[in-house]
Amino acid sequence: MDMNQYLEIFIEESQEHLQSLNQSLLGLETNPKDMKILNEIFRVAHTIKGMAGTMGYSKMTNLTHQMENVLDDLRNGKIDVSTFMIDVLFECLDFLENSVNHIAGNGTEGNASADEIITKLNNILKGKATQEVAVTELKAPVIDQGIMKFNQYDNGVVAKAIEQGFNVFKVKILLDSGCMLKAARAFIVFQTVERYGEIIKAVPKVEDIEDENFENEFSIAIISLENEAVIRKELESISEITQVVFEKIEIADVDLSETNLENVTEAESFDPSQNEEKEATEDSHNKKSKTGKTVRVDIDRLDNLMNLVSELIIIKTRLEGVGTDNTNQDMGEAVEYLERITTNLHDAVMKVRMVPIERVFNRFPRMVRDLSKELNKDIDLIMSGEETELDRTVIDEIGDPLIHLIRNSIDHGIEDMGERVKRGKSSTGNLYLRAYQDGNSVVIEVEDDGNGIDLSKVRKKAVEKGIINKLEADSLDEKSSVELLFKPGFSTADKVSDISGRGVGLDVVKTKIESLNGIVEVETVSGKGSKFIIRLPLTLAIIQALMVTIGNEKYAIPLNVIRDITTIDAETIRNIHGQEVVLNRNNVLPIIRLNRVLDVEGSMTEEQKEMTIVVVKKGEKHAGFIVDNLIGQQEIVIKTLGKYLSGIRYIAGATILGDGQVALIIDTNSLI
Amino acid sequence: MAANITNKFVVFKLEDEEYGIDILRVKEIKEMIRITRVPKSPSFVRGVINLRGEVIPVIDLRKKFDMSQNIDTESTRIIIVLVDEITVGLIIDTSSEVLEIDKELIEEPPATIASIDHSYIYGIGKVKERLIILLDVSKIISITA
């Protein structure tokens, strides 16, 4: 059979499962006795084993099988959770992740061997009493295969099912003695039955059947709405099955002497080993309903959809222009309606592209755990706002900068335990990772309660590195000193981290964030900790902008960076150190004459007495842009200037106006 | 097909000289439309235009070849070319025709020719009495040039 068509699904699903495994393992470490988590881990390992087995990835199958053995003992209380075990399980996770990545890359599992990890797992198993090993090993093949007995729990389930009008059967299936792939046949049987109902019990146990630990027959108990004939017909049509024996169970057969029905639901929560089969079938049901409701879509198709919506918005803007000239009322109404629809369509498409930031955050608990072990620091990672949504393209890019910041905080920010106690802090360091939406942007904060940044050392270092001179250093205020951290060349050497404790590749972080049209800020209190604040736009492709004229050219300024618009008297402009400033709201506001910066000829602002300024913010900084005229607010579609004109200063991109003209978008970040 | 690659050229005029561009590079020829100036761009970049929803840079070939400047006229055209996945427009004086030039009639560019930088020229096509300077578009577009 050609497996390629399933490969993508396999990879996607494995990654999802591994993600949840990661979380569960972290959960297990803090709550070693939590059966629910343990069951979840077992379920995931089991699912991966099944999937990898089907796809023929033997290493993954072997490893997960061995994991199951350990987990099973864990579940049955034969062994206890230890740090060593968690470490080994994490190693398993890493190995599986690598394998999946390898498969995604070139279709094979890769050459890495799982033997070492398997040996470790075996050692864990052997760690328990030797007799027990013997017992479990013997037990499996000796299981009585003929008779299926219901325990109290099963009886409860069966009784309830019958009461609700389901048919319950015990089905004995006899395989052909020449059958080569017994487990595969059994799997087909399970699949077939699951189309009609649920399997509540199997003898031998499902895992044993999957491992071919049975002779030529096995029994299952089914709950179904269908009658015997339908299921029988389906089962008999499977090849290599010689006999199917049905036994219908009536309410009278069920021994309820020790059970009352109300107990059933409770039983599910406290008897995990028994309801495992049930869980497995339930799970497959959940999955079925899920796949019915979601569709995996290639991101390229979404991009294409986005482009089409962009085009539509351009046309809409154009029609609006036509509409206002036209006195026909119908036209106006139609355009208004069109506007509403395009806005909704735009929102809908944007929503499709939105992904919760959880996807990025998920990997951090593990990273923090590893780093804190490595550095022998005790660190609590406190995350919030994982459900905050961001555009998919941003999600893909934001991971690395965040890793950088988190590493920095752990490595240099949070002090050693001893040092913390000396300073009167709790020995456990706190690292906060927060995400939340703030108006039209999303804010991500990385905060620690560590050492903070010693700004005087930063200044000293900057002078040594030749980024600023001594005089400049002395006149720098707190804000500008922090800015030094983001200067390229400041950070590269690890010497910096020895002295200041900060600054590994922060310029890279800044560049990345700015390429996403975002900004980074730092708040720090020496000795108390520091906070890095990343602010990102919600969407990348379509924004609200203020259209202005400079001379006879039109430009767009993104609305989200504008603080306000005001007029000033030309005579109030002062000159400080060659920089023109005005007093605005009792603050000194630097002003930028856009006509000069952008070499626009014929601007009226040079002679005007009263000038319009657009006050633009970049983090805490502000600047006033002098423009000739304001046109108005407009929804614009951002287009790049293309490869040929990439790297043009002061221009963030272009947009097409309603009349087909191109207007440029001002990159306010580079101007302030 | 292979035989007739690159022997058809779009021929146009800059000042008094005739130039040709491989027709496979040419997407279309447009009449002059409104161009938006791009600040801080190289002097020979006249600006950007809207080509059916795409923003395309436009290069003034006269400027690029250091020729004297002319006012745009009725016959001024923009040739849209696609090279190495980059689409750009080239502003030229007049486009005249598509010519087929036999490979044998294309010569290496002589050391001293015309008024333009040597490296942009790919060959000289001879059609009867006419000399047509065949341009290597990818050289024109490469930013370093």
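Because the structure is a prediction, the values reported are computed rather than measured. (Residues numbered from 1 in each chain as written. Chains lettered and ligands numbered in written order. Predicted model: local features only at pLDDT ≥ 70, side-chain atom pairs only at ≥ 80, totals over all residues. Heavy atoms only, no water.)

The subject of this paragraph is the sheet that holds strand β9 (residues 106-107) of chain B. All names here are of chain B. Reading across the sheet, the 6 strands line up as β8-β1-β2-β11-β10-β9 and stay open at both edges, with mixed pairing between neighbours. Every interior strand has two partners, whereas the edge strands, β8 (94-100) and β9, have only one. Sheet analysis places strand β1 (residues 8-14) next to β8, joined by 6 bridges and oriented antiparallel. Bridge assignment links F12 to a residue of β8, and that residue is S95. (Pairing = 2+ DSSP bridges. Helix = DSSP H or I, 4+ residues; strand = E, 2+ residues; numbered from the N terminus.)

With that out of the way, let us pick up the pattern of salt bridges. Residue and element names in this part refer to chain A. By the definition in use, this model includes 43 salt bridges over all chains. R43 is paired through a salt bridge with E40; the nearest N and O atoms lie 3.1 Å apart. Taken together, the residues R43 and E40, both in helix α2 (residues 35-55) and 3 residues apart, mark about one turn of the helix. Owing to a relative accessible area of 24%, E40 belongs among the partly exposed residues under this scheme. The shortest N-O distance in the salt bridge between D449 and R420 comes to 3.0 Å. One end of the pair, D449, is in the loop between β9 (441-448) and α19 (455-465); the other, R420, is in helix α18 (residues 417-422), with 29 residues separating them in the sequence. Residues participating in the shared-partner salt-bridge network are E29, D87, D94, R366, R369, D370 and K373. (Salt bridge = Lys/Arg side-chain N within 4 Å of Asp/Glu carboxyl O. Buried < 20%, exposed > 50% of the residue type's maximum accessible area, 1.4 Å probe, protein only.)

Moving on, we come to the packing of aromatic side chains. All names here are of chain A. Tallied over the full model, the rule gives 8 aromatic pairs over all chains. Between the aromatic rings of F486 and F532, the centroid separation amounts to 6.5 Å while the plane-to-plane angle is 80°, which identifies the pairing as edge-to-face. With F486 in the loop between α21 (478-484) and α22 (495-499) and F532 in strand β11 (residues 529-537), this pair connects stretches of sequence that are 46 residues apart. Take F486: its relative accessible area is 5%, and that puts it in the buried class. (Phe/Tyr/Trp six-rings, centres within 6.5 Å; stacked < 30°, edge-to-face > 60°.)

The next subject is the nonpolar core. Core analysis: the biggest nonpolar cluster contains 66 residues, and F625(A), V81(B) and L135(B) have the highest contact counts within it. When residues of this core are assigned to domains, at least three map to each of domain 3 (299-356) and domain 5 (542-671) of chain A. Among the nonpolar cores identified, the runner-up in size contains 46 residues, and M354(A), I357(A), I406(A) and L506(A) belong to it. (Core = buried A, V, L, I, M, F, W, Y, C linked by side-chain atoms within 4.5 Å. Domains from an automatic or database assignment.)

Another aspect to go through is the sheet that holds strand β16 (residues 579-584) of chain A. Residues and elements named next belong to chain A. Overall, mixed pairing links the 6 strands, which are arranged β14-β18-β19-β17-β16-β15 in an open sheet. Since the sheet does not close on itself, it has two edges, and those belong to β14 (562-569) and β15 (574-576), each with one partner. Sheet twist, expressed as the mean angle between neighbouring strand axes with direction ignored, is 40°. Direction of pairing for strand β18 (residues 610-618) relative to strand β19 (residues 621-627): antiparallel, over a ladder of 7 bridges. Directly across from K617, in β19, lies its bridge partner H622. (Axes fitted to C-alpha atoms, helices over the stretch in contact; angles between N-to-C directions.)

This part covers the interface of chain B and chain A. Contact with chain B, which involves 24 residues of that partner, is made by 24 residues of chain A. Approximately 2,000 Å² of surface area, both sides summed, lies buried where chain B meets chain A, with 62% of it carried by carbon and sulfur atoms. Ranking the residues of chain B by area buried against chain A places R37(B), K40(B) and V55(B) at the top, with a combined share of 31%. Viewed at the interface, chain A and chain B are joined by 2 salt bridges. Put simply, D599(A) and K40(B) hold a salt bridge, and the shortest N to O gap is 3.6 Å. Secondary-structure elements contributing two or more residues to the side of chain B that touches chain A are β4 (45-51), β5 (54-60), β7 (86-92) and α2 (137-141) of chain B. Of the residues in the side of chain B that touches chain A, the class split is 15 nonpolar, 4 polar and 5 charged. (Contact = heavy atoms within 4.5 Å. Buried area = accessible area lost by both parts, 1.4 Å probe. Nonpolar A, V, L, I, M, F, W, Y, C, P; charged D, E, K, R; others polar.)

Glancing now at helix α17 (residues 392-413) of chain A. Between its first and last C-alpha atoms α17(A) spans 30 Å; for 22 residues at 1.5 Å apiece the expected length is 32 Å, and the two agree. At I398(A), α17(A) is bent by approximately 35°, the largest bend along its length, and proline P401(A) sits one to four residues beyond. (Expected span 1.5 Å × (residues − 1). Bend = angle between axes of the 7 residues up to and from the residue.)

A few words now on unusual backbone geometry. Residues and elements named next belong to chain B. The phi dihedral of D66 is positive, around 55°, even though this residue is not glycine. Topologically, D66 is positioned in the loop between α1 (61-64) and β6 (77-83). Positioned with a positive phi, D84 is a non-glycine residue whose angle comes to about 50°. With respect to the secondary-structure elements, D84 resides in the loop between β6 and β7.

The next subject is helix α5 (residues 115-126) of chain A. All names here are of chain A. When the terminal C-alpha atoms of α5 are compared, their 16 Å separation across 12 residues agrees well with the 16 Å that a helix rising 1.5 Å per residue should span. Buried residues of α5: I117, I118, L121, I124 and L125, and no others. In an axial view of α5, the angular spread of the buried residues amounts to 110°, which keeps them on one side of the axis. In this structure, α5 carries D115, E116 and K126 as exposed residues pointing more than 90 degrees from its buried face. (Arc of directions from axis to C-beta.)

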